[in-house]
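Chain by chain, the residues:
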Amino acid sequence: MRFTRRAAVAVIGVAALLTASACGSSDDGDGGGSGSKKVEVFTWWADGGEKAGLDGLVAQFGTSCAGQEFVNGAVAGGAGANAKQVLASRLQQNDPPDTFQAHAGAELQDYILAGQVEDISADYDTWGLKTAFPPGLIQNLTVEGKIYSVPANIHRANVVWTNKKVVAAAGITSDPTDLAGFIADLDKVKAKGIAAPLAIGKDWTQLMLFESVLITDLGAEKFTGLWNGTTPWDGADVTKAINDFKTLLTYTNKDRDALDWTDAEKLVMDGKAAYQLMGDWEAADLDAKKFADYAWFTFPGNGTTFQWLADSFVLPKGAKNVEGTKCWLKTVGSAEGQKAFNTKKGSIPARTDASPADYPKYQQAAMADWKSSTQVPSCAHGSACSQGWQGAANSALGAFSTNQDVAGLQKALASAASQFVKK
Ligand code: GAL
């Protein structure tokens, strides 16, 4: 629809331009035109805790950027499964939104290397952001000395969310700390008549679970090496991880390939499952859905590893309202913006000057963990791998969900790595 409307605007462009200049107005009414005060913000935060986070940021934007108008360009679908395709097609057609969400790390570099986003290093200086964010994060946003986006948060991926009642009814009194303990607990829940105690959804959610198993079986350093080319994908440790993952899949719902993360989350909320491995946007979503009976633990065997990812916002080349977009970016990076967003989103602020007391219980724990943990990136959420690599991994996992072919999955993942790893 949007494309059609844009295309129509382009066709009548010359006439409209003449009319507009005659009237002294340059706003084409579609968020475009120099002088537009509309800022189209493109995300996949359309519902629940994700939307609550976005709403918080929008409220702050309204205060900090009076006169500018937020236009919601959200395309629903967890992890941007749909949004990223729509965005790719818009960028290709030179129809960028004023700003869009991109993960810090390899995913952001895709856009930088394709020349689709602007260098905002000078704004970092003006807004005092170079010292507001941790140096490691700045490094993940930087290519050849230039910075291209403003991070809104830090999320954690390797967390298991539980339905406290279901877990207690199975007689489980402590959190499992290794895979054997987790499997023993899954058996206990199963013995209570819950056929699929571990809820899961489609491809990218399976990739998340698999990455957590890889962290357990390989350890943090070798896991990170899988993404930078220093750990081979064809080793016996990866074979073991695939077999462990295969075992875990036997405890999951059979309709997994048709479900988004929120559908799997509902299985936990409804007491049809005990556990779900998911990023900590789940904390915010459960809160938004008023489900209070939940607890969480780090994926068994991950120890003190914090698998991180960060949502950041960019200034696309060709953005129509640069001034308004810069005000959005400034808000995203500000102490007030980070608080308004992260208290509602389940994530922790990327800025180092936040006060934990302002945050709900889960984020207070995550803030403490972030400081003391070993950090590893996520491929499912773009900090570890490029979009091409992520797509290849998602489809390999999707195929495995049906065929359970251990050697086939390992081969597909090894071949994706040799194609996409940066040498
Ligand atoms: C991630 C994103 C999170 C959350 C999640 C589920 O990729 O970084 O902010 O939105 O997807 O949709």
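First things first, this report covers the structure right here in the doc. Because the structure is predicted, anything quoted here is derived from the model rather than measured.

Quick look at helix α14 (residues 281-288)
Turning to step 1, where the next piece is worked out: Among the 8 residues of α14, 6 are classified as buried, and the element is accordingly described as predominantly covered.
Turning to step 2, where the next piece is worked out: Regarding α14, the residues found buried are Trp281, Glu282, Ala283, Ala284, Asp285 and Leu286.
Turning to step 3, where the next piece is worked out: At the exit of α14 stands Lys290, carrying a positive phi of roughly 60°.

With respect to the sheet that holds strand β12 (residues 305-309)
Paired through their backbone hydrogen bonds, the strands of a sheet run either parallel or antiparallel.
Turning to step 1, where the next piece is worked out: With mixed pairing, 3 strands are arranged side by side in an open sheet as β7-β12-β14. Looking along the sheet, the strands with just one partner apiece sit at the ends: β7 (155-156) and β14 (374-377).

Points about the packing of helix α15 (residues 322-333) against helix α16 (residues 335-345)
Turning to step 1, where the next piece is worked out: Relative orientation of the contacting elements α15 and α16 amounts to 75°, with a least axis distance of 4 Å. Relative to α16, the element α15 is oriented roughly perpendicular. Where α15 abuts α16, its residues Thr331, Val332 and Gly333 lie against Ala335, Gly337 and Gln338.
Turning to step 2, where the next piece is worked out: Of the residues that constitute the contact of α15 with α16, the class distribution is 2 nonpolar, 4 polar and no charged.

Some points on unusual backbone geometry
Turning to step 1, where the next piece is worked out: The phi torsion at Glu144 lies on the positive side, around 45°, for a residue other than glycine.
Turning to step 2, where the next piece is worked out: Here Glu144 is to be found in the loop between β4 (142-143) and β5 (146-147).

Topic: the side chain of Glu40
Turning to step 1, where the next piece is worked out: Along the chain, the position of Glu40 falls in strand β1 (residues 38-42).
Turning to step 2, where the next piece is worked out: Its relative accessible area of 5% is what places Glu40 among the buried residues.
Turning to step 3, where the next piece is worked out: A distance of 2.9 Å separates polar atoms of two side chains, one belonging to Glu40 and the other to Arg90.

Observations concerning the sheet that holds strand β13 (residues 311-314)
Turning to step 1, where the next piece is worked out: One open sheet accounts for 5 strands, arranged β2-β1-β3-β13-β6; its pairing is mixed. Two strands bound the open sheet, and with one partner strand each, they are β2 (69-72) and β6 (149-151). Each strand of the sheet is rotated relative to its neighbour by a mean of 30°, with strand direction disregarded.
Turning to step 2, where the next piece is worked out: Pairing between β6 and β13: 3 bridges, direction antiparallel.

A look at the environment of Asp257
Turning to step 1, where the next piece is worked out: Checked against the element boundaries, Asp257 lands in the loop between α12 (236-249) and α13 (261-269).
Turning to step 2, where the next piece is worked out: For Asp257, a relative accessible area of 37% puts it in the partly exposed group.
Turning to step 3, where the next piece is worked out: For the pair Asp257 and Ser401, spaced 144 residues apart in sequence, the C-alpha to C-alpha distance is 7.6 Å.
Turning to step 4, where the next piece is worked out: Leaving out residues up to four positions away in the same chain, Asp257 has contacts with Lys202, Gln206, Ser401 and Thr402.
Turning to step 5, where the next piece is worked out: A distance of 2.8 Å separates a polar atom in the side chain of Asp257 from a polar atom in the side chain of Gln206.

Some words on the site of the ligand
Turning to step 1, where the next piece is worked out: If you check the shell around the ligand, you find 13 residues, and the closest are Glu50, His103, Asp311, Lys345 and His381.
Turning to step 2, where the next piece is worked out: Within the side chain of His103, an N or O atom sits 2.7 Å from an oxygen atom of the ligand.
Turning to step 3, where the next piece is worked out: Interatomic distance of 2.6 Å between a side-chain N/O atom of Lys345 and an oxygen atom of the ligand.
Turning to step 4, where the next piece is worked out: Summarising the interface, the protein chains cover 100% of the accessible area of the ligand, which totals 300 Å² for the free molecule.
Turning to step 5, where the next piece is worked out: Partitioned by chemical class, the residues of the shell around the ligand number 6 nonpolar, 4 polar and 3 charged.
Turning to step 6, where the next piece is worked out: A domain-level breakdown of the shell around the ligand finds at least three residues from each of domain 1 (38-155 + 309-373) and domain 2 (156-308 + 379-420).

Brief notes about the pattern of salt bridges
Turning to step 1, where the next piece is worked out: With the rule as written, the count across this model stands at 19 salt bridges.
Turning to step 2, where the next piece is worked out: As a salt-bridge pair, Asp217 and Lys240 come within 3.8 Å of each other at their nearest N and O atoms. Of this pair, Asp217 sits in helix α10 (residues 203-218) while Lys240 sits in helix α12, and the two are 23 residues apart along the sequence.
Turning to step 3, where the next piece is worked out: When its relative accessible area of 44% is taken as the criterion, Lys240 is described as partly exposed.
Turning to step 4, where the next piece is worked out: Through salt bridges with shared partners, one network takes in Glu40, Arg90, Asp95 and Lys320.

Topic: empty space enclosed by the protein
Turning to step 1, where the next piece is worked out: Applying the stated rule across the entire model yields 2 cavities of 30 Å³ or more.
Turning to step 2, where the next piece is worked out: Size it by volume and the largest cavity reaches roughly 100 Å³.
Turning to step 3, where the next piece is worked out: In terms of lining, the largest cavity is formed by 15 residues, of which the most central are Trp44, Glu50, Ala79, Trp281 and His381.
Turning to step 4, where the next piece is worked out: Considering only residue class, the lining of the largest cavity consists of 7 nonpolar, 5 polar and 3 charged.
Turning to step 5, where the next piece is worked out: In this structure, the lining of the largest cavity is formed jointly by two domains, domain 1 (38-155 + 309-373) and domain 2 (156-308 + 379-420), each of which donates at least three residues.
Turning to step 6, where the next piece is worked out: Estimated volume of the second largest cavity: approximately 30 Å³.
Turning to step 7, where the next piece is worked out: Around the second largest cavity, the lining residues are Phe42, Thr43, Trp44, Ala83, Lys84, Leu87, Gln101 and Tyr111.
Turning to step 8, where the next piece is worked out: Here the lining of the second largest cavity gets 3 residues from one element, more than from any other, and that element is helix α4 (residues 83-92).
Turning to step 9, where the next piece is worked out: A class-by-class count of the residues in the lining of the second largest cavity yields 5 nonpolar, 2 polar and 1 charged.

Calculation criteria
Residues numbered from 1 in each chain as written. Predicted model: local features only at pLDDT ≥ 70, side-chain atom pairs only at ≥ 80, totals over all residues. Heavy atoms only, no water. Buried < 20%, exposed > 50% of the residue type's maximum accessible area, 1.4 Å probe, protein only. Helix = DSSP H or I, 4+ residues; strand = E, 2+ residues; numbered from the N terminus. Pairing = 2+ DSSP bridges. Axes fitted to C-alpha atoms, helices over the stretch in contact; angles between N-to-C directions. Parallel < 35°, antiparallel > 145°, perpendicular 65-115°, else oblique. Contact = heavy atoms within 4.5 Å. Nonpolar A, V, L, I, M, F, W, Y, C, P; charged D, E, K, R; others polar. Polar contact = N/O pair within 3.5 Å; in protein donor to acceptor, adjacent residues only side chain to side chain. Near = heavy atom within 4 Å. Areas by Shrake-Rupley, 256 points an atom, 1.4 Å probe, with all protein chains shown as cover. Domains from an automatic or database assignment. Salt bridge = Lys/Arg side-chain N within 4 Å of Asp/Glu carboxyl O. 1 Å grid on protein atoms, 1.4 Å probe; cavity = no way out; pocket = protein on both sides within 12 Å on 5 of 7 lines; lining within 4 Å. Points joined across faces, edges and corners; volume = space filled by probe spheres on them.

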